[in-house]
Amino acid sequence: QVQLVESGGGLVQAGGSLRLSCAASGRTFSTYAMGWFRQAPGKEREFVSAISWSGGSTTYSDSVKGRFTISRDNAKNTVYLQMNSLKPEDTAVYYCAADKMGMAGFRPYKYDYWGQGTQVTVSS
């Protein structure tokens, strides 16, 4: 069992930056691939980024590529999402998720554990 707790969300002006953190419980964190998703009101949950268990492989959605960076620190059981050049359309609740098999990628239904989410609001 893995418990995930996101933090770092908030209100920021367009063009600004935020860094989200996702702290995981349990000794098996380093064996999980991790992902970030977001969900805006009235919209489906959307893939943002994913990282392999080692951190050696990362993927991004086209909408955030070049602006967001995912990273992890297995010693701290934490995965990060650095978000730069934020846009109003980035406004959403951001969730982190853990993937035991390391094959989930952009597919939310393949992830095994989810955090409660953190709100990011970007004002224009």
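Let us look at the structure shown here. (Residues numbered from 1 in each chain as written. Predicted model: local features only at pLDDT ≥ 70, side-chain atom pairs only at ≥ 80, totals over all residues. Heavy atoms only, no water.)

Moving on: the nonpolar core. It is characteristic of soluble globular proteins that their nonpolar side chains tend to be buried jointly. The biggest cluster of nonpolar side chains holds 27 residues, and the ones touching the most others in it are Leu4, Met34, Trp36, Leu81, Met83 and Tyr94. Elements that contribute at least two residues to this core include exactly strand 3 (18-24), strand 4 (33-39), strand 5 (46-51), strand 7 (68-73), strand 8 (78-83), strand 9 (92-99) and strand 11 (118-123). What Leu81 contacts, discounting residues up to four positions off in sequence, is Leu18, Arg19, Leu20, Trp36, Val48, Ser49, Phe68, Thr69, Ile70 and Tyr94. If you look at the next biggest cluster of nonpolar residues, it comprises 6 residues, including Phe37, Phe47, Ala50 and Tyr111. (Core = buried A, V, L, I, M, F, W, Y, C linked by side-chain atoms within 4.5 Å. Buried < 20%, exposed > 50% of the residue type's maximum accessible area, 1.4 Å probe, protein only. Helix = DSSP H or I, 4+ residues; strand = E, 2+ residues; numbered from the N terminus. Contact = heavy atoms within 4.5 Å.)

Topologically, Val122 is positioned in strand 11. Residues within four places of Val122 in sequence aside, it is in contact with Val12, Gln13, Ala14, Leu86, Lys87, Pro88, Asp90 and Thr91.

Our focus in this paragraph is the state of the cysteines. Per the stated rule, a full pass over the model turns up 1 disulfide. Sulfur-sulfur distance for the disulfide between Cys22 and Cys96 comes to 1.9 Å. Here the S-S torsion is close to 50 degrees, and the disulfide linking Cys22 with Cys96 is therefore right-handed. Taken together, the positions of Cys22 in strand 3 and Cys96 in strand 9 put the pair 74 residues apart, joining distant regions of the chain. The class for Cys22 is buried, based on a relative accessible area of 0%. Take Cys96: its relative accessible area is 0%, and that puts it in the buried class. (Disulfide = S-S within 2.5 Å.)

What follows is about the pairing of strand 11. Of the two faces of strand 11, only the one carrying Thr118, Val120 and Val122 is buried; Gln119, Thr121 and Ser123 on the other face are not. Taken together, the 3 bridges between strand 9 and strand 11 define a ladder with antiparallel strand orientation. Directly across from Tyr94, in strand 11, lies its bridge partner Thr118. (Pairing = 2+ DSSP bridges.)

Moving on: the sheet that holds strand 3. Pairing in this open sheet of 4 strands is antiparallel, and the strands run 1-3-8-7 from one edge to the other. A single partner strand is all that each edge strand has here, and the edge strands are strand 1 (4-7) and strand 7. Shown here is a sheet whose adjacent strand axes are inclined to one another by a mean of 15 degrees, direction ignored. Pairing geometry for strand 7 and strand 8, over 6 bridges, is antiparallel. Bridge assignment links Ile70 to a residue of strand 8, and that residue is Leu81. (Axes fitted to C-alpha atoms, helices over the stretch in contact; angles between N-to-C directions.)

What follows is about the pattern of salt bridges. Under the definition given, this model contains 4 salt bridges. Two residues, Asp62 and Lys65, come together in a salt bridge whose shortest N-O distance is 3.3 Å. Lys65 carries the same exposure label as Asp62, and that label is exposed. A salt bridge links Asp90 to Arg67; the nearest nitrogen and oxygen atoms lie 2.7 Å apart. You can see Asp90 sitting in the loop between strand 8 and strand 9 and its partner Arg67 sitting in the loop between strand 6 (58-60) and strand 7, a full 23 residues away along the chain. Across this residue pair, the class does not change: Asp90 and Arg67 are buried. Among the charged side chains, a salt-bridge network with shared partners connects Arg38, Glu46, Arg67 and Asp90. (Salt bridge = Lys/Arg side-chain N within 4 Å of Asp/Glu carboxyl O.)

These figures come from the coordinates and say nothing about function on their own.
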